Amino acid sequence: MIINGISAGYYDTKYTSVKNKADAVKNFADTVRMTAESSSADRTESYKDYLKQKYGNVRYESVGKDQESLDRAGKGMSGNDVIIAPNIVEEMANDPEKAAYYEGKIDDFFNDIPRAKAMFAAQGLNYEPCGVVIHEDGSVTYISGCNNDTPETRAKIKAEQAAKRARREKYHKLSEEAAERRREEVNEYVVEK
């Protein structure tokens with residue numbers, strides 16, 4: 001049953017990807033048509049404006065593929081960010097097929113967020129999408145994470161902490177009573193001798 005759900009999600013994503021690719025080529029073609037006579041730099045700037053309108057938080061910088069670089073990039077993301085290496089955005093601005101390919105990759109990530117949130121919620125986790133990074137070599141990294149900071153989890157943790165605190169107080173009280181009994185026994189022993 002679960003396999004069918006995953007397969008259905010996969011096919012929906014594939015269909016969405018093909019549809020988004022066609023839309024991206026059309027939108028990009030319109031953008032290129034408007035800037036066809038302009039220089040490559042102007043075309044790149046126009047394409048950057050188009051990406052900003054489409055995705056919102058878009059930055060153009062190189063991010064390494066090592067864990068430290070990705071962690072640093074992820075910490076600066078707010079859930080719907082796109083980071084594209086400068087050389088790739090230039091290629092995208094001048095090649096509609098590359099643009100459609102990378103926009104499809106970005107769209108797939110953002111379109112998959114509701115499914116991923118539901119899947120993680122079923123496990124009691126809170127899914128936190130960060131964004132997409134397109135590296136200088138053209139590889140794509142999706143940055144996301146999850147935590148167990150749900151109201152149910154917070155209530156459970158609070159109850160566990162209260163139980164621990166109560167146990168600690170109980171054992172502290174028992175320890176004090178035992179210490180008092182030992183002092184009394186020592187006093188009785190000293191008095192008898």
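In what follows, the structure referred to is the one given above.
Model, not experiment: these values are computed from the prediction.

Here is what the cut-offs are and how they apply
Residues numbered from 1 in each chain as written. Predicted model: local features only at pLDDT ≥ 70, side-chain atom pairs only at ≥ 80, totals over all residues. Heavy atoms only, no water. Helix = DSSP H or I, 4+ residues; strand = E, 2+ residues; numbered from the N terminus. Contact = heavy atoms within 4.5 Å. Areas by Shrake-Rupley, 256 points an atom, 1.4 Å probe, with all protein chains shown as cover. Patch = residues over 30% accessible without salt bridge, like charges linked within 9 Å, V, L, I, M, F, W, Y side chains within 5 Å. Salt bridge = Lys/Arg side-chain N within 4 Å of Asp/Glu carboxyl O. Core = buried A, V, L, I, M, F, W, Y, C linked by side-chain atoms within 4.5 Å. Buried < 20%, exposed > 50% of the residue type's maximum accessible area, 1.4 Å probe, protein only. Pairing = 2+ DSSP bridges. Axes fitted to C-alpha atoms, helices over the stretch in contact; angles between N-to-C directions.

Participant: Describe the overall build of the protein chain, listing the residues and the values that go with them.
Facilitator: When helices and strands are tallied, the protein chain shows six helices and four strands. Overall, the protein chain shows an N-to-C arrangement of helices and strands of α-α-β-α-β-α-α-β-β-α. Within the protein chain, contacts between residues separated by at least 24 positions form 61% of all contacts whose residues are at least 6 apart in sequence. Taken as a whole, the protein chain presents about 12900 Å² of accessible surface, with 53% of it coming from carbon and sulfur.

Participant: How would you summarise a nonpolar patch on the surface if you had to cite specific residues and measurements?
Facilitator: The grouping of V186, Y189 and V190 at the surface amounts to a nonpolar patch, some 310 Å² of accessible area in total. Turning to its location among the elements, V190 is positioned in helix α6 (residues 151–192).

Participant: Give a detailed account of the nonpolar core, specifying residues and quantitative values.
Facilitator: Of all hydrophobic cores here, the largest spans 23 residues; its most connected members are Y47 and I84. Mapped by element, the contributors of at least two residues to this core are α2 (40–55), β2 (81–84), α4 (86–94), α5 (96–122) and β3 (126–134). Ranked by the residues each element gives to this core, the list is headed by α5, at eight residues. Apart from the residues within four sequence positions on either side, I84 is in contact with L51, V58, R59, Y60, E61, V89, M92 and I134. One finds V63, L70, I83 and I143 within the second-largest nonpolar core, a separate group that totals eight residues.

Participant: Quick rundown of the sheet that holds strand β4 (residues 140–147)? Include the residues and the values.
Facilitator: Across the sheet, which stays open at both edges, the four strands sit in the order β1-β2-β3-β4 with mixed pairing between neighbours. For this open sheet the edge positions go to β1 (58–60) and β4, each flanked by a neighbour on one side alone. Looking at each pair of strands side by side, their axes are set apart by 20 degrees on average, direction ignored. Sheet topology places β2 next to β3; four bridges connect them, and they run parallel. Residue pairing in the sheet places I84 in a bridge with I134 of β3. Helix-sheet contacts for α4 involve β1, β2 and β3, and the interaxial angle to β2 is about 90 degrees.

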